[in-house]
Structures are given as C-alpha cells and as structure tokens.
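Structure assessment
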Amino acid sequence: TQLLEQSPQFLSIQEGENLTVYCNSSSVFSSLQWYRQEPGEGPVLLVTVVTGGEVKKLKRLTFQFGDARKDSSLHITAAQPGDTGLYLCAPGEGNTPLVFGKGTRLSVIA
Amino acid sequence: GAGVSQTPSNKVTEKGKYVELRCDPISGHTALYWYRQSLGQGPEFLIYFQGTGAADDSGLPNDRFFAVRPEGSVSTLKIQRTERGDSAVYLCASSLLGGTGANVLTFGAGSRLTVL
C-alpha cells in the first residue's frame, strides 16, 4: 500500500487569501490525481499530473508534480468560498484501485 | 445513466440488522469500486470489480461485508449484523479500464449509513 501524507489536515482562511496544500509520499508514482469533495457529494477529479516537474493550471488552482514524482502541491490563488471542500490526492496507477490520502479540509470564509 | 447513482442516500438501521446498498454505475464502465468514508477522513478502499468478478476485495474489513455485481453493471454492498462502527458514508465509483494512463474514477454521492 502506498502511503500518502496530506498536509495540512485542516485549513481555514479568509476569502481572497492564497494557500498551498501538499501531498507527499516515499514512493514514486507514474501519475497522481487530485480530487475535491464537497459536503454531501462524492469526490470529483480536478487534475491528473503525469510528468515529473509538471505544472497544470485550472483557473485559480495550480498543481505541481515533484521532479522525483513522489510529491505534489496544490496552490489556490485568491480563494473563494466555493473552494471550500476536502482536497484528496491519490496515485493514478493504471488499473489498480485508487488509495486516497486523508485529505486537506479547506474552509474559505467570506 | 449520466452519472453514478447510489441508493438509498440515507439509511438508518439498528445494531444487528442487515443492510443492502445499491450502486448503478455509468453505462459502459467496466470497473466498479466501493469505498467507505468516515467523518473527517478520506475514502477507504473496500472492494473493486472488473466486470462481474471481484478483482480485489482486500479492503473489506471482515466477513460481515460482501458485495456482488452479477451482471457486470449494478452492484450491491451487503452488510450483515451491522455494528455502530459501520456507520459511515459508503461511496461507489466506476471507471473505464483497459486503456493506458491513469485510472479516473467517477463517484456517486454516497449512501450515508447510520447504525443506532
């Protein structure tokens, strides 16, 4: 089992602030996925990063895959209340079932 | 259907009772997954199916939990002699398998189980 550590576990910020959350492991992954889960819903895929050092942007969200493909970060610029949710990472290892980290629970206060 | 459908959305039962949770995956998705999510935690893998067979059931916590997918589409998660510790949200997801690249899951909204 690939152990993923996500940090911080909880984050509460004011609207308009920037933040970064992290997903770390001692294992090397061929790819890594980020999901966001809103209350009462299932997780929804945000992005898949594949190449070491890759940076992907999704509006105000910037995802980076570490050069060694062991870690990833998600940076949110000018956070909005709609960004509130549980952010989960998981290695996207081919056909095997996804094993999620415990997630970072983000609360953006208006 | 357009998405993954799970029923019931909420289930309250008494300790010791039997419960069935149903998942209707996206049409054509060959893989189906069950996860359990406790309050404040990430989803915990239970079992996944490729077609009709369970490809990996290593996440089932004990023999009170069982899942079937008899026709390779709809799946039912069955919990016998429920315990209070079984209270959680049970998430189902489906995906297309067989291609290259990462395995992208589409989740349902979950079934919230409360055991009194």
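Our structure's up above, just so we're on the same page.
Okay, so let's go over this structure. (Residues numbered from 1 in each chain as written. Chains lettered and ligands numbered in written order. Predicted model: local features only at pLDDT ≥ 70, side-chain atom pairs only at ≥ 80, totals over all residues. Heavy atoms only, no water.)

Overview of the overall build of chain B
Formally: The helix and strand labels rest on DSSP assignments: H or I over at least four residues marks a helix, E over at least two residues marks a strand, and numbering proceeds from the N terminus. Radius of gyration: over C-alpha atoms. The globule rule applied is 2.2 Å multiplied by the number of residues raised to the 0.38 power.
Within chain B, the regular secondary structure consists of zero helices and eleven strands. Scanning chain B from its N terminus toward the C terminus, one meets helices and strands in the order β-β-β-β-β-β-β-β-β-β-β. Here the C-alpha radius of gyration of chain B, 14 Å, is about what a compact globule of 116 residues would show, namely 13 Å. Based on the C-alpha atoms only, the size of chain B along its principal axes is roughly 45 × 25 × 25 Å.

Some points on the state of the cysteines
Residues and elements named next belong to chain A. The following threshold applies: When two cysteine sulfur atoms lie within 2.5 Å, the pair is treated as a disulfide. For every residue, the accessible area obtained with a 1.4 Å probe (protein chains only) is divided by the maximum for its type, and the residue is called buried under 20%, exposed over 50%, and partly exposed between those limits.
What the rule picks out here adds up to two disulfides over all chains. Shown here is the disulfide that connects Cys23 with Cys89, its sulfur atoms set 2.0 Å apart. Because the sign of the S-S torsion sets the handedness, a value of about 80° for the bond joining Cys23 and Cys89 places this disulfide among the right-handed ones. Highlighted residues: Cys23 in strand 3 (residues 19-24) and Cys89 in strand 9 (residues 85-91), separated in sequence by 66 residues. Among the residues examined, Cys89 registers a relative accessible area of 0% and is labelled buried.

So, the interface of chain B and chain A
For clarity, the threshold we go by: The criterion used for residue contact is that any of the two residues' heavy atoms lie within 4.5 Å. Two parts placed together each lose some accessible area under a 1.4 Å probe, and the buried area is that loss summed for both. A pair is scored as a salt bridge if a Lys or Arg side-chain nitrogen falls within 4 Å of a carboxyl oxygen belonging to Asp or Glu. The definition of a polar contact used here is a pair of N or O atoms within 3.5 Å, where within protein one atom must be able to donate a hydrogen and the other to accept one, and adjacent residues in sequence count solely through side-chain atom pairs.
Contact residues are listed per partner, giving 22 residues for chain B and 22 residues for chain A. Here chain B meets chain A over a buried area of about 1600 Å², counting both sides, of which 54% is carbon and sulfur. In this structure, the connection of chain B to chain A is made through zero salt bridges. Inspection of the region where chain B meets chain A yields five residue pairs in polar contact (both at pLDDT 80 or more). When residues of the side of chain B that touches chain A are assigned to their parent elements, the largest contribution, three residues, is made by strand 4 (residues 31-37) of chain B.

Description of the environment of B:Leu60
Residue and element names in this part refer to chain B. Of note, Leu60 is situated in the loop between strand 6 (53-56) and strand 7 (65-68). Accessibility expressed as a relative area gives 17% for Leu60, which makes it buried. Not counting residues up to four positions away in its chain, the partners in contact with Leu60 are Leu46, Ile47 and Phe65.

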